[in-house]
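# Architecture at a glance
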Amino acid sequence: MTVSASSQTQSFQDLIGFDPKGAIPSNEVLLKMYTLMLTLRFWDERSLKLQRSGRISFCVTTKGEEATQVGTVAALRPTDWVFPAYRQPGIPLWRGASLESLAHQIFGSAKDVSLGHQMPNHYSFHQFYYASVSSVIGTQIVHASGAALAAQAKGTDDVAVTYFGDGSTSANDFHSALTVAGAKKAPALFFCVNNHYAISLHVSQQTGAKYLADKGIGYGVKALRVDGNDVLAVYQTTLAMAERARRGEGPALLELVTYRLNPHSSSDDDARYRLKGEMEEWVDKDPIPRFEAFLLEKGVLSPPQVDALRIQVEADVLEATKIAQETPLPEWQTLVEGVYGEIPANLQADLDELLAHEQGLSLPHPGAFPL
Amino acid sequence: MNATMTPSSQTSHALIQRNPETPITMVQAINEALFQALESNPNVIVFGEDVGMSGGVFRVTEGLQAQFGDKRVIDMPLTEAGIIGSAYGMAVSGMTPVAEIQFADYIFPAFDQIVSEVAKLRYRSGGDCACPMVIRTPYGGGIRGGTYHSQSPEAYFTQTPGIKVVIPSTPADAKGLLLCALQSPDPVLFMEPKRLYRSPKGLVPLEAIPIPLGPARLVQAGKDLSVFCYGAMVDICQAAANKMQENDGVSIEIIDLRTLSPIDEASILASVRKTGRALMVYEAPKTGGYGAEIAAIIAEKAVEYLKAPIKRVAGLDTPYPYSLESVYMPHPLRVMRAMQDVLAF
């Protein structure tokens, strides 16, 4: 099924797949997409190891969902605002963020751009049009509607996009966001990354709707259901919907059907709730081997290149986390920085009083990494 | 239906030619501030429920959509979370949004967006992102609005670091403080005492002169007692103080807090160290109200200056009533009794 054939009243039974006659990125871009997907996979592995060994407190991974990140961002402009959930580190990495900057965030180090104010994986990259991540489910969806209204007011053809999970479609702000964007024909793309689980709740238990994409129709928002493990299908659909939005034809809800191959987070035990046989089925649909096979067949990649890339990417990830691990924690003054543009006098006084006492108790200096 | 309105090329705003020697209402003052902000800053967007075609239920945004078009003065769908969430997206992408919540009583569907997102964005990103915006909302009683058109929910927000809470009490302050809020690098909850919307009138400068957020306003100097108040309570306290001066010759200092968060601790302490007596007046329910914070600051940092126990005059700890509103709201006579209590100790 191709993108253009689908209409507002389509059946969502068939997933939109790769169209061989559709847009395909250059070989250089294809290689960049593949490299980033590999990087994300190694990043997950390394993060989990760091968490298991007590080096970081927590992590969420994106294993299995790499194509939903890479396929979308590759089809966007670098200046299209992104309002992410917590499983999209691929977006800033695509746009030029360093692995080291991500590593500083998960360690909450002195070089973390967020000053160690948030738990791991809650990145912020304003320079890459990637707004800070919140833990609250679904609040970011409506931010994309607002940024899309701003694009309309400025008269630009930027689009604003947001990512959220299947569980978020039950949250209040999903409704608010699609209401606003639908009513105003705002240039927003809503990427619903359906990874089948909201922590433990299977998507089949999340809603009475047959498909999550069904929900777009009532808001007058173009809705599509895409094979989220086919990075080129994601790319082509995103490109088509972004161009449509840039032409002023309105927002789109893209249900990217994928599967979370890891537990919800480092704190979760997925053995308690996984449906039997489901994991095996989805391991066979893993987006990385699928894309790799395509690239090998097209001659964009060779087997020795794959091996060399894997070694390189793993080394890059290791090096970045090593640097962050050796970086001290932020100074205590950062506790009160960033509440407001300027630190209120009473807040500074309260911190000074606190620090006077803490130093009296000879607590370990924050400069020394406590592990 | 949805006729697209394009910006008018001609300035047709009634206030532009007004005589600055003639007093105007707070509604007019806020309208003028919004007009001047829209005119001078192309990034300003004004939006909310009924703010465009209708000019707002209190007519605060009257004429703005006709002048600036429906892309900059937007009638939004009926979703408060959608309005504040949209403001966040606009702010992050470089605009200066002015969102209206039609009544403070209806701000709660947007509470999550304000408290979890808008107020925390700068801190949680370590200053990488910021969320400068103004959320305007009429609040408070005295217009026979009953339970859901009269509430004063400021204390929910002063407990939230990251958002400033500002409440004007005069037309001039409303204009000046709003203009400054529009230049603030931080989000501002701008709560408008709707009881004062149309009366009393006051002199307001024609020019767009911001009044800094932060400093409290000395309404009148005095030496026997300090009264701390804001919004619609300022006039009530002044009426009470005048009567006390007339009857008993006591000299009462009145401080209008204006910016509730961050708090102007220095002004509060300086005043109470001078007078040795303190009274807090606010119309929200008493327990956990903003006056309790002022009392705590005085107790922590100036208790040795006190000649009498501190006292609060506030609303009852009930939802806002309808028929007996005038008993519930602090009244000058009630404020006078409290003043007499503190002075008699």
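First, a word on scope: everything that follows refers to the structure included in this document. (Residues numbered from 1 in each chain as written. Chains lettered and ligands numbered in written order. Predicted model: local features only at pLDDT ≥ 70, side-chain atom pairs only at ≥ 80, totals over all residues.)

## Considerations on helix 2 (residues 66-73) of chain A
Residue and element names in this part refer to chain A. Counted residue by residue, helix 2 has 8 buried out of 8 residues, so it is predominantly covered. Restricting attention to buried positions, one finds in helix 2 the residues Glu66, Ala67, Thr68, Gln69, Val70, Gly71, Thr72 and Val73. The elements touched by buried residues of helix 2 are helix 1 (27-52), helix 3 (90-95), strand 3 (188-194), helix 9 (231-246), strand 7 (252-257) and helix 11 (287-298). (Buried ≥ 20, exposed ≤ 12 C-beta atoms within 10 Å, placed from the backbone. Helix = DSSP H or I, 4+ residues; strand = E, 2+ residues; numbered from the N terminus. Contact = placed C-beta atoms within 7 Å.)

## Observations concerning the packing of helix 5 (residues 139-154) of chain A against helix 3 (residues 80-92) of chain B
Put simply, helix 5 of chain A and helix 3 of chain B touch, their axes get as near as 6 Å, and they point 60° apart. Relative to helix 3 of chain B, the element helix 5 of chain A lies oblique. As helix 5 of chain A packs across helix 3 of chain B, the resulting crossing turns out to be right-handed. The segment helix 5 of chain A lies against helix 3 of chain B, with Thr139(A), Val142(A), His143(A), Ala144(A), Ser145(A), Gly146(A), Ala147(A), Leu149(A) and Ala150(A) engaging Ala81(B), Gly82(B), Gly85(B), Ser86(B), Ala87(B), Tyr88(B), Gly89(B), Met90(B) and Val92(B). Residue composition of the contact of helix 5 of chain A with helix 3 of chain B, grouped by class: 10 nonpolar, 8 polar and no charged. (Axes fitted to C-alpha atoms, helices over the stretch in contact; angles between N-to-C directions. Parallel < 35°, antiparallel > 145°, perpendicular 65-115°, else oblique. Left-handed = near helix turned anticlockwise from the far one by under 90°. Nonpolar A, V, L, I, M, F, W, Y, C, P; charged D, E, K, R; others polar.)

## Topic: the interface of chain B and chain A
Every contact between the two is made by 38 residues of chain B and, on the other side, 41 residues of chain A. Where the side of chain B that touches chain A is concerned, the elements lending two or more residues are helix 3, helix 4 (111-118) and helix 5 (121-124) of chain B. For the side of chain B that touches chain A, the element with the highest residue contribution is helix 3 of chain B, accounting for 9 residues. Across the side of chain B that touches chain A, the residue classes break down as 17 nonpolar, 12 polar and 9 charged.

## Details of helix 4 of chain B
Inspection of helix 4 of chain B places Gln113(B), Ile114(B), Glu117(B) and Val118(B) among the buried residues, and these make up the whole buried set. Angularly, the buried residues of helix 4 of chain B cover 115° about the axis, an arc narrow enough to put them on a single face. Against the buried residues of helix 4 of chain B lie helix 5 of chain A together with helix 3, helix 5 and strand 4 (134-139) of chain B. (Arc of directions from axis to C-beta.)

## Side note on the pairing of strand 11 (residues 278-285) of chain B
All names here are of chain B. Counting buried residues in strand 11 gives 7 out of 8 residues, a clear majority hidden from the surface. Two elements, strand 8 (residues 225-229) and strand 11, share 3 bridges in a ladder whose sense is parallel. Pairing of Phe228 across the sheet is with Met280, part of strand 11. Note: strand 11 against strand 12 (residues 311-315), 4 bridges, orientation parallel. Across the sheet, the residue bridging to Met280 is Arg312, located in strand 12. Handedness of the crossover joining strand 11 and strand 12 through helix 10 (residues 290-301): right-handed. (Pairing = 2+ DSSP bridges. Right-handed = clockwise from strand over helix to strand, strands pointing away.)

## Observations regarding the pairing of strand 8 of chain B
All names here are of chain B. Within strand 8, 5 of the 5 residues are buried, which leaves it mostly tucked inside the rest of the structure. Side-chain alternation along strand 8 places Leu225, Val227 and Cys229 on one buried face and Ser226 and Phe228 on a second face that is also buried. Two elements, strand 8 and strand 9 (residues 252-256), share 5 bridges in a ladder whose sense is parallel. Looking across to strand 9, one finds that Phe228 is bridged to Ile255. Since strand 8 and strand 9 lie parallel, the crossover through helix 8 (residues 233-248) that links them has a hand, and here it is right-handed.

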